[in-house]
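Take a look at the letters that make up each chain.
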Amino acid sequence: MRRTILITAIVFSFTSFCSFVRADKVDDFIKTEMEKRQIPGLALTIILDGKETKTAAYGFANLELKAAVQSETVFEIGSITKQFTAAGILLLQQEGKLSVDDKVSKFVTNVPDTWTNITLRHLLNHTSGIKSYTGLDGFELTKHLTQEQFIKKLAALPMEFAPGDEWKYCNSGYNLLGFVIENVSGKKYWDFMEQKIFGRLGMSSTTNRDPSIIIANRADGYEKKKGMLINRDYDLTDVFSAGAIASTVGDLAKWNAALDSGKVLSADSRSQMWTSGKLNNGKLTGYGFGWRLEPFEGHKNIGHSGSTSGFSASLQRFPDDKICVIVLCNSDETNVATTLAKTIGGFYFKAP
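Below you will find a few notes about this structure. (Residues numbered from 1 in each chain as written. Predicted model: local features only at pLDDT ≥ 70, side-chain atom pairs only at ≥ 80, totals over all residues. Heavy atoms only, no water.)

**What to know about the sheet that holds strand 4 (residues 75–76)**
Now for step 1: Across the sheet, three strands lie side by side as 4-8-5; this open sheet has antiparallel pairing. Strands with a single pairing partner mark the edges of an open sheet, and in this sheet they are strand 4 and strand 5 (207–208).
Now for step 2: When strand 4 meets strand 8 (residues 245–247), the two strands line up antiparallel, connected through two bridges. Residue pairing across strands places Phe75 opposite Ser247, the latter belonging to strand 8. (Pairing = 2+ DSSP bridges. Helix = DSSP H or I, 4+ residues; strand = E, 2+ residues; numbered from the N terminus.)

Here it is, written out as C-alpha cells:
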C-alpha cells in the first residue's frame, strides 16, 4: 500500500513537472524564429488584462561565456527610450514649467534662425525638419559632445523641410528634448529619469547603457556578418535621450503598468502622448510623442521598437484587447523584436 502511494505520488509529480515545463505556442514560435534568424538571446513578457501571464528567457546573453539569458538580463532598448523622454517633457508640462507648444529656442541657446518656428511638439512627433545626426561623423559616443557642441554641430546642417510640413524620424529632436529636460529641471537627464520615473516605479535595473558603467546582468550585443555572428560594433553613436536606456522585461512591465494606472502621467498627458501628430496640411502622421500609432491586423496598436548596435527591442500595447508584449534581444536584425512581439500579440487576439 505504501509502495502504491509512493509510486502514485512520483507519477503525479512527474506529470505535474512535465505539464509545467511543456513548451507552449509562444515557446515553439520563439525557438523556431531564434534558430532561423540567428538570435543569440531573448527575453519576453506577456501581459493580459493587467496581469503578467508569461515571462520567459531563451538563449545566451553572452556567447563567449555561455551565460544564459534570464528575466533579469539587461538589454539596450534603443528608441523605446523616446517614450521616457517624451514622458519627461509631459511631466514638466504637468508641473507648469513648459508647454509642448513652446518654441525650442526658449529652452536652449545659440539656435540658428532656421529653428525659429520649431516647437517642442515638432521635436516630439518628428516634424521639425532638423536633420537626424544618426550615421553622421562627429557624433560618436567617444566624442561625447556637450550640449553647446551638439547644438553648434547640428545647427550647421541644412533643414530638410519647414517645421510641420513633413514627417521624418529624427534622433536629433529627441536629443534636444533631453537638453530641454536638463535645462528646465536643473538636473542631469539621467538623474531626472531616476527621480521622476525609474525610482518611483521600482525600475531598479533601468539605467544609462554607457559601456563604461558596470551593469549587473548586462547582455552583450551581436551582429551578423556574412552569415556569422560577431561582437557588436564598438564605435557607437551617442544616442543619449533618443536611445541610450538599458532595461529588463520586468522593469518595462512596471512602466507598462504605470501607463495603465496613471501613476506617473495624468490622463491628459497620456492622451496627448497617444494622439497622432498632424502636418500643416492636416494629414495625420501616425506618430504621437515617442509612440507609433498604427493598427496591426485591424487591432489598435500603440508601440515602439528600439534598435542599437547589436540589440533589438519592442514594447507593443494593444489597448482594446488589453494585451502588452515586451520583447528584448541581442540581435542587430532590423525590427526583429517588433516582428516577434506583434506576432505574439496576435496569438491572443479574440475572434470577432
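So much for the structure itself; the text now carries on.
**Side note on unusual backbone geometry**
Now for step 1: Positioned with a positive phi, Phe240 is a non-glycine residue whose angle comes to about 40°.
Now for step 2: In this structure, Phe240 sits in helix 8 (residues 240–243).
Now for step 3: The exposure class assigned to Phe240 is buried, which follows from its relative accessible area of 12%. (Buried < 20%, exposed > 50% of the residue type's maximum accessible area, 1.4 Å probe, protein only.)

**A look at the packing of aromatic side chains**
Now for step 1: Counted by the stated rule, this structure contains 18 aromatic pairs.
Now for step 2: Pairing Tyr133 with Phe139 gives two aromatic rings, centres 5.1 Å apart and planes at 35°, and the pair type is tilted.
Now for step 3: Between Trp274 and Trp291, the aromatic rings sit 6.0 Å apart at their centres with planes inclined by 85°, giving edge-to-face as the arrangement. Taken together, the residues span a long stretch of sequence, with Trp274 in the loop between helix 10 (267–273) and strand 9 (302–308) and Trp291 in the loop between helix 10 and strand 9 at a distance of 17 residues.
Now for step 4: Among the residues examined, Trp291 registers a relative accessible area of 0% and is labelled buried.
Now for step 5: Among the aromatic side chains, those forming a connected cluster through ring pairs are Tyr133, Phe139, Phe150, Phe179, Tyr189, Trp190 and Phe240.
Now for step 6: For the cation-ring pair, Lys25 lies above Phe347, with the distance from its terminal atom to the ring centre recorded as 4.4 Å.
Now for step 7: A cation sits over an aromatic face here: Lys82 above Tyr174, 5.7 Å from the ring centre. (Phe/Tyr/Trp six-rings, centres within 6.5 Å; stacked < 30°, edge-to-face > 60°. Lys NZ or Arg CZ within 6 Å of the ring centre and 35° of its normal.)

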